[in-house]
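# Descriptive analysis of the structure
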Amino acid sequence: MQPITVDINWLNQLFAPLRDPKTWESAFGYSTKEPWFFTEFTFLAVFGVFLVFYAALVQKNTWRKIYLISFSLFFYYKSSGPFLGLFALMILSDYLFALAIEKQKGIKKKGLLWLSLSYSLSFLLYFKYANFFIHNCNDLLGTHFTDRDLFLPIGISFYTFQSISYLMDVYRKEIPATRNVSDYAFYMTFFPHLVAGPIVRAKDFLPQIFTPQIINASLYKESLLRILTGLLKKLFIADYLGKYVDIVHELPANFSGAENVLAMYAYSFQIYFDFSGYSDIAIGIALMLGYRLKENFDNPYASSNITVFWRKWHISLSSWLRDYVYIPLGGNRKGEFNTYLFLLITMLVGGFWHGADWRFIFWGLSHGLALAFHKAWMQLFPSKSTRWYSQVFGTILTFHFVGFCWIFFRATSFGSAFASIEQIAFHTQWKDFAGFWISRQEMAIMILVAAFIAFFPPQLKERIFQKTQVLPTFTWILWVLIALQIIIQFKDDVVQPFIYFQF
Amino acid sequence: MADNEDQITPDSPEATSAKLNSISSSNEHARVSDGEKQPKSSATPHEKSSPWLIIWAGLSISLPLLLLYIYSCSPQTLKLGQLELKQILGNQDIDAMLAALDEPEPVPVKVTHDSTSNLARDSADFTPAFGGTIPILNKNYHQPFVLPPYELPVFADTTKHRILLIGDSESGGLRYPLNDYCLANGHKIILSLEWYSATTFNFGRSDTIQKIIAKYKPTYIFLVFGLNELYARDLKARKIAANQLAKKLRGIPYAWIGPANWEEDNGISKVFQSSADSGAYFLTKKLTLTRAGDGRHPDVQGYRVWMDSIATWIQTSSRYKMLMKPPRKRGRPFRAPVITINAANYRGY
């Protein structure tokens, strides 16, 4: 009789990473190649371990705060390395500026506000827009300035806006300046919203520092569901759609009009599932720690007009632009012409915030014009029609306008965007859609699935989410395992970074 | 943007006082601010967060990942009916995996001048580098062959080659400087096959390359691709495809040019290097190239610099050398036929 042998050599491989110094170097060191994303399994595993220790400190306010700040700073270090120093400097200066603004009055107060805002914006302007200005200066004036070799610190667009909102809120006396620098550091560094939002307001978040949510079974399930939903949205749907979008946008002229139309749809859903997936994970992680961040999306593609769309898309940014750009400019209090002008300026700022490129400015301008047009239309024809067909027509029109504008957002250049539009306008044939269905059936199904979810009534989604509450707590580990395996089954081997990661 | 939501002006005293009242000055963060609608909580007034639940939350995330990691280390793959459960990608030891999948290279023959008809022996510029033995690698792989030492300055083969350029979008840019070199050295590009968005799978799994080779009968192949695979983690599958590709090239001298990385890859360069014949792979990623507007593809100058480096390497230290003197004139018109296909429309397999 042959002895039974079991090969357990592979078990050595389990511990091989622990013996490899590179593992430790990559675990604690900074590498531009391995920044921490919420979708990185390494990050999720570390977060799980982090939670175990968090349990011991959850009842102790000060220690909990210190622990969270430390982990958040480490998280930022893993994302942006040496720029951690810059971030810390910004936090310290904001804290001091806010205290000074609060003490001053009159012109001095205003002067301090402008100084502090200029200081905060200077980092963003330098790192994000320096090369853009250099290029345009060279083109317009014939100068020969050379490009700066700049790395955009992760999340700078987001935390600069948070810093501005804090300083302006203190100036407007909507909140008092924090007396304790660690409170402000906690608000700014809180890792769930650190790298890509939602843009959290100090007045919403600071009060939560010492009064977090009670973490009970209901909150546990809600937070885990948000994280899993976000992971599936990003890794399963958005990344899959992204594969097709990348191929088409590499050379749109090589593709038929139908393929460009479908790339437009695919990108519209990709950016939505990507960013709303990220926001879901951020909100879920924050919730698991006992902090509730505001929602960032509210079924935006189901909007029946562009104004409603901007109330539901990237809510934290659109409300920030409203409160800190549109209203300070004058809002709708300075005459009709100025209202339209301010709307355009606000959307231009929003477009430019997304990237240092004329394409983003054009994108912002298009949305600004659409908002102005809708506003004018509603004044001329103040119809209150709620009939279903007018809603459906409005939704289809809005979605297609938004999708059309996304072409400029996604294309690599204006030339590429116009090539795609030309294909759509002049070379779209019905038979090509049938061809697409035959040759790329999986992608076609994914676009339909994405559309179904994006337009699915939110009330039904809410009901489904509530049904999950009845699942016993101990079973959730299994749901996590199943969700992760689904992701692995369909995961693109080329994982795309979050689209909003470097905005 | 909601246009009707600016009813309260920023410095309106009512708004300010309402908000300030909600924040205590001594313990300003102990209460909820500005009357915003707070989310519903099912917690009872005296309920506290449960540490055990938080630990369970941590385990709910870490344990499944640990299980998946253990599964990915095991040599067994589980099946759910017909469906094979995939393992977490990217945790393999790349070098060990490549070594396991490496296939022995064919051993080329030692050929003498007498057996070759296509060698030019009258080159004034270049002298034969190693006596009377020159490796011709396009036939008879059955006898031992000793590779020439790499430090040799210049190889003397002045054969005028029929060059086939195959690649992804990079080949579309590289063909112009390559054309300059070919015209200057008497070579001829017979076809440029530009397969946009193609990956190792397209080149390795399809029979497109064999068909092109059979039709155009090149004497030298330039292969340049990989820019679409920098982030690839399924290196095992790509290694198998790269081996298939290398097999298709057997019998013809070639230069396998690595992708022009704009940042470090996840190991695809290693995969290509291990699949190509030794000395036939050019590691582009060490070069610093200027980039086009997309930040990924090299620009015109970048392609020229890249081609200069490739030419120097081909002439001096590649396994399959050929004459590649720098051209005096650059930017000459490209007249060879070009086939462009897109991986989105045509996968090839």
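A short tour of the structure in this document, coming up. (Residues numbered from 1 in each chain as written. Chains lettered and ligands numbered in written order. Predicted model: local features only at pLDDT ≥ 70, side-chain atom pairs only at ≥ 80, totals over all residues. Heavy atoms only, no water.)

Time to look at the pairing of strand β4 (residues 188–196) of chain B. Residues and elements named next belong to chain B. Counting buried positions along β4 yields eight of nine residues, so the element is predominantly enclosed. Summarising the sheet, strand β3 (residues 162–167) and β4 pair through six bridges and their orientation is parallel. Paired with R162 across the strands is K188, a residue of β4. Traced from β3 through helix α4 (residues 169–185) to β4, the parallel crossover comes out right-handed. The pairing of β4 with strand β8 (residues 338–342) spans five bridges and is classified as parallel. Of the residues in β8, the one forming a bridge with W195 is I341. (Buried < 20%, exposed > 50% of the residue type's maximum accessible area, 1.4 Å probe, protein only. Helix = DSSP H or I, 4+ residues; strand = E, 2+ residues; numbered from the N terminus. Pairing = 2+ DSSP bridges. Right-handed = clockwise from strand over helix to strand, strands pointing away.)

Taken as a whole, this structure holds 85 aromatic pairs over all chains when the rule is applied. Between F205 of chain A and Y291 of chain A, the aromatic rings sit 5.8 Å apart at their centres with planes inclined by 35°, giving tilted as the arrangement. One end of the pair, F205 of chain A, is in helix α9 (residues 202–205); the other, Y291 of chain A, is in the loop between α11 (257–288) and α12 (306–312), and 86 residues separate them in sequence. According to the relative accessible area criterion, F205 of chain A is buried, its value standing at 1%. Taking the ring centre of Y171 of chain A as reference, the NZ or CZ of K109 of chain A above it sits at 5.3 Å. Against the face of F334 of chain B rests R175 of chain B, its NZ or CZ located 4.8 Å from the ring centre. (Phe/Tyr/Trp six-rings, centres within 6.5 Å; stacked < 30°, edge-to-face > 60°. Lys NZ or Arg CZ within 6 Å of the ring centre and 35° of its normal.)

Moving on, we come to α4 of chain B. Each α-helix turn comprises 3.6 residues. Residues three or four places apart therefore point the same way. Residue and element names in this part refer to chain B. Given a rise of 1.5 Å per residue, 17 residues ought to cover 24 Å, and the 25 Å separating the end C-alpha atoms of α4 matches this to within 8%. Residue R175 marks the point of greatest curvature in α4, where the axis turns by about 40°; the proline P177 follows within four residues. In terms of burial, α4 is a largely internal element, 14 of the 17 residues being buried. (Expected span 1.5 Å × (residues − 1). Bend = angle between axes of the 7 residues up to and from the residue.)

What follows covers the packing of helix α16 (residues 388–410) of chain A against helix α17 (residues 414–426) of chain A. Residue and element names in this part refer to chain A. Interhelical geometry of α16 versus α17 gives an angle of 145° and a closest axis separation of 8 Å. Every residue of α17 that contacts α16 at F404, I407 and F408 is listed here: F414, A417, F418, S420, I421 and I424. Grouping the amino acids of the contact of α16 with α17 by side-chain chemistry returns eight nonpolar, one polar and no charged. (Axes fitted to C-alpha atoms, helices over the stretch in contact; angles between N-to-C directions. Contact = heavy atoms within 4.5 Å. Nonpolar A, V, L, I, M, F, W, Y, C, P; charged D, E, K, R; others polar.)

This part covers a nonpolar patch on the surface. All names here are of chain A. Side chains of F373, W377, M378, L380 and F381 sit close together on the surface and give an oily, nonpolar patch of about 570 Å² of accessible area. As for its placement among the helices and strands, F381 is situated in the loop between α15 (358–380) and α16. When its relative accessible area of 45% is taken as the criterion, F381 is described as partly exposed. (Patch = residues over 30% accessible without salt bridge, like charges linked within 9 Å, V, L, I, M, F, W, Y side chains within 5 Å. Areas by Shrake-Rupley, 256 points an atom, 1.4 Å probe, with all protein chains shown as cover. Salt bridge = Lys/Arg side-chain N within 4 Å of Asp/Glu carboxyl O.)

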